[in-house]
Each structure stands twice: as C-alpha cells, then as structure tokens.
Amino acid sequence: QKEVEQNSGPLSVPEGAIASLNCTYSDRGSQSFFWYRQYSGKSPELIMFIYSNGDKEDGRFTAQLNKASQYVSLLIRDSQPSDSATYLCAVSGNQFYFGTGTSLTVIP
Amino acid sequence: DAGVIQSPRHEVTEMGQEVTLRCKPISGHDYLFWYRQTMMRGLELLIYFNNNVPIDDSGMPEDRFSAKMPNASFSTLKIQPSEPRDSAVYFCASSISGVGEAFFGQGTRLTVV
C-alpha cells in the first residue's frame with residue numbers, strides 16, 4: 001500500500017468552477033499535510049499546508065483535513081486557466097511522502 | 001536566499017558512465033531530501049539527511065546509487081554505472097524540520113542513452 005494515494009486524473013473543470021482534489025494517507029502518525037502545485041517542467045511549489053482537523057482557507061484555496069478518516073482535500077474556487085497544473089499531496093511524519101499527483105485542466 | 005540550487009539542470013550521458021548530481025540546500029535547513037520523478041512512478045524519495053547524516057536510504061533503488069553530504073551546504077547524488085532506466089528528473093529539497101515545508105530545487109533532468 002502506498003503511503004499517500006491520489007486520483008491521477010486528469011481532472012477537467014470549466015473556468016470559474018470549483019475544482020476538488022482528494023488525497024488519503026496510511027500513516028496515522030502523520031503530523032503535517034501539504035499541497036504542492038507543479039507546472040509542467042517546473043519544480044513543485046507549496047500552495048497550502050494544514051496541521052489541524054478542519055478547514056483552512058487562503059484566498060481561492062481551501063484545504064480540508066480529517067485525521068479520523070485519514071483524508072486531505074484541496075478545493076480551488078473560481079478556477080482559472082492558470083491553475084492548470086499537477087497537484088501533489090504530501091504528508092510528513094518522520095519524512096515526506098508524496099502522492100503521484102492529480103493533473104488539473106481548467107478549460108476557458 | 002537563492003533557494004535550493006541544483007546542478008547541472010540537464011545531463012545527457014551514455015549508458016555505463018558515472019553521473020554526479022549536486023545540491024546546495026537553503027542555509028539553516030537541517031534536512032535535505034533527494035527525490036526522483038518519472039511519469040510512471042511520480043515523486044519518489046530516494047534518501048534524506050538530517051544534519052548531514054543519512055537517515056533513511058531505503059528508497060535508493062540499488063547499489064549503483066550513492067549519496068553524500070560532506071557538509072551542511074553541499075550534497076551529491078552519484079549513479080555509477082548509469083542505465084537508461086535511470087532517466088528521470090532528480091529533485092533536491094531542503095527543510096528546516098522534518099515536518100515543515102520542503103523547498104525544492106529546479107531539478108536535474110537526466111537522460112541516459
């Protein structure tokens with residue numbers, strides 16, 4: 001079993017819609033949870049992190065964490081074509097584990 | 001700070017040759033990670049260091065791969081001999097702590113022909 005699982009997609013949404021990205025993890029001892037965005041040919045860059053159960057909002061992005069269900073999600077409101085990228089879920093406890101990423105395309 | 005610096009950005013080499021990838025972490029970061037990214041397997045952790053000491057190298061694919069961190073500002077990942085299946089993008093990342101944000105370098109795109 002992989003440490004972090006994500007739907008690989010691709011996920012396509014129209015411009016202005018809400019994009020929902022999901023992630024599950026296996027290690028209950030995980031302490032920190034991250035969402036990275038990776039444009040094609042570029043390195044991953046952090047867009048959100050969350051440590052506690054519940055929601056955390058930053059602009060158009062909302063991260064949701066449910067430790068009981070071992071589930072993390074990222075919502076992108078008012079999706080823009082510039083949001084088209086691969087989104088990587090990362091979980092850290094003793095080390096960082098990354099999911100394989102979900103490819104998102106926002107259609108103008 | 002200039003961020004995590006990796007070199008070279010691109011490397012093309014022939015099968016059987018030795019390849020050395022270099023990384024300079026962000027100053028003050030105690031953790032350094034080497035990742036390999038391919039379309040098939042995504043981002044895989046190869047090895048990570050804490051205070052220059054290798055902590056977990058279970059992700060290193062085989063004995064052909066080795067990594068060193070002689071001081072807090074420099075690390076290398078060496079592949080000897082290289083094989084076509086080693087072709088991938090190799091990322092170095094650093095972090096202040098093992099549970100905080102990891103900052104990535106620009107990556108080295110390795111092609112073994």
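Rules and cut-offs
- Residues numbered from 1 in each chain as written.
- Chains lettered and ligands numbered in written order.
- Predicted model: local features only at pLDDT ≥ 70, side-chain atom pairs only at ≥ 80, totals over all residues.
- Heavy atoms only, no water.
- Contact = heavy atoms within 4.5 Å.
- Buried area = accessible area lost by both parts, 1.4 Å probe.
- Polar contact = N/O pair within 3.5 Å; in protein donor to acceptor, adjacent residues only side chain to side chain.
- Helix = DSSP H or I, 4+ residues; strand = E, 2+ residues; numbered from the N terminus.
- Phe/Tyr/Trp six-rings, centres within 6.5 Å; stacked < 30°, edge-to-face > 60°.
- Buried < 20%, exposed > 50% of the residue type's maximum accessible area, 1.4 Å probe, protein only.
- Lys NZ or Arg CZ within 6 Å of the ring centre and 35° of its normal.
- Pairing = 2+ DSSP bridges.
- Axes fitted to C-alpha atoms, helices over the stretch in contact; angles between N-to-C directions.
- Disulfide = S-S within 2.5 Å.

Student: What exactly am I supposed to notice about the interface of chain B and chain A here?
Tutor: Bring the parts together and some accessible area is lost; that lost area is often taken as the interface size. Counting residues at the interface gives 20 residues for chain B, matched by 18 residues for chain A. Interface area, chain B with chain A, both sides summed: about 1,500 Å², of which 54% is carbon and sulfur. Per-residue buried area on chain B facing chain A is highest for L43(B), V99(B) and F104(B); these three make up 33% of the total on that side. Counting every contact that joins chain B to chain A gives three residue pairs in polar contact (both at pLDDT 80 or more). For the side of chain B that touches chain A, the elements supplying multiple residues, two or more each, are β4 (31-38), β5 (42-50) and β9 (88-95) of chain B. Counting residues per element, the side of chain B that touches chain A draws most heavily on β5(B), at four residues.

Student: Is there a simple way to explain the packing of aromatic side chains in this structure?
Tutor: Aromatic rings in a pair are described by how distant their centres are and how their planes are angled relative to each other. Within the structure shown, the criterion is met by 13 aromatic pairs over all chains. Note on Y36(A) and F104(B): the rings are 5.6 Å apart at their centroids and 80 degrees apart in plane angle, and the pair reads as edge-to-face. With one member in each of two chains, Y36(A) in strand β4 (residues 32-38) and F104(B) in strand β10 (residues 103-104) form a pair that bridges those chains. Taking 5.5 Å as the distance between ring centres and 25 degrees as the angle between the ring planes, the aromatic pair formed by F33(B) and Y48(B) counts as stacked. On the criterion of sequence distance, the pair formed by F33(B) in strand β4 and Y48(B) in strand β5 is long-range, its members being 15 residues apart. Neither F33(B) nor Y48(B) differs from the other in exposure class; each is buried. Three or more aromatic residues joined by ring pairs form one cluster here, namely F34(A), Y36(A), F98(A), Y31(B), F33(B), Y35(B), Y48(B), F91(B) and F104(B). Cation over ring: K56(A) sits above F49(A), and NZ or CZ is 3.4 Å from the ring centre.

Student: Can you help me understand the sheet that holds strand β1 (residues 5-7) of chain B in this one?
Tutor: Strand pairing in a sheet relies on backbone hydrogen bonds, with the paired strands running either antiparallel or parallel. All names here are of chain B. Strand order in the open sheet formed by four strands is β1-β3-β8-β7, and the pairing between neighbours is antiparallel. Because the sheet does not close on itself, it has two edges, and the strands there are β1 and β7 (65-71). Neighbour to neighbour, the strand axes of the sheet diverge by 15 degrees on average, direction disregarded. Here three bridges tie β1 to strand β3 (residues 19-24), and the two strands are oriented antiparallel to one another. By the bridge assignment, S7 is partnered in β3 with R22.

Student: Sorry if this is basic, but what is going on with the state of the cysteines here?
Tutor: Two cysteines whose sulfur atoms are joined by a covalent bond form what is called a disulfide. Per the counting criterion, the structure on display carries two disulfides over all chains. The partner cysteine of C23(A) in its disulfide is C89(A), sulfur to sulfur 2.0 Å. Across the S-S bond of C23(A) and C89(A) the torsion is about -70 degrees, and the bridge reads as left-handed. Taken as a pair, C23(A) in strand β3 (residues 19-25) and C89(A) in strand β9 (residues 85-92) lie far apart in primary sequence, 66 residues in all. You can call C89(A) buried: its relative accessible area is 0%. A sulfur-sulfur distance of 1.9 Å marks the disulfide that ties C23(B) to C92(B). Handedness here is read from the sign of the S-S torsion; for C23(B) and C92(B), about -65 degrees, the answer is left-handed. Residue C23(B) is located in strand β3, and its partner C92(B) is located in strand β9; the two are separated by 69 residues in the primary sequence.

Without other data, these values stay purely geometric and don't point to any function.
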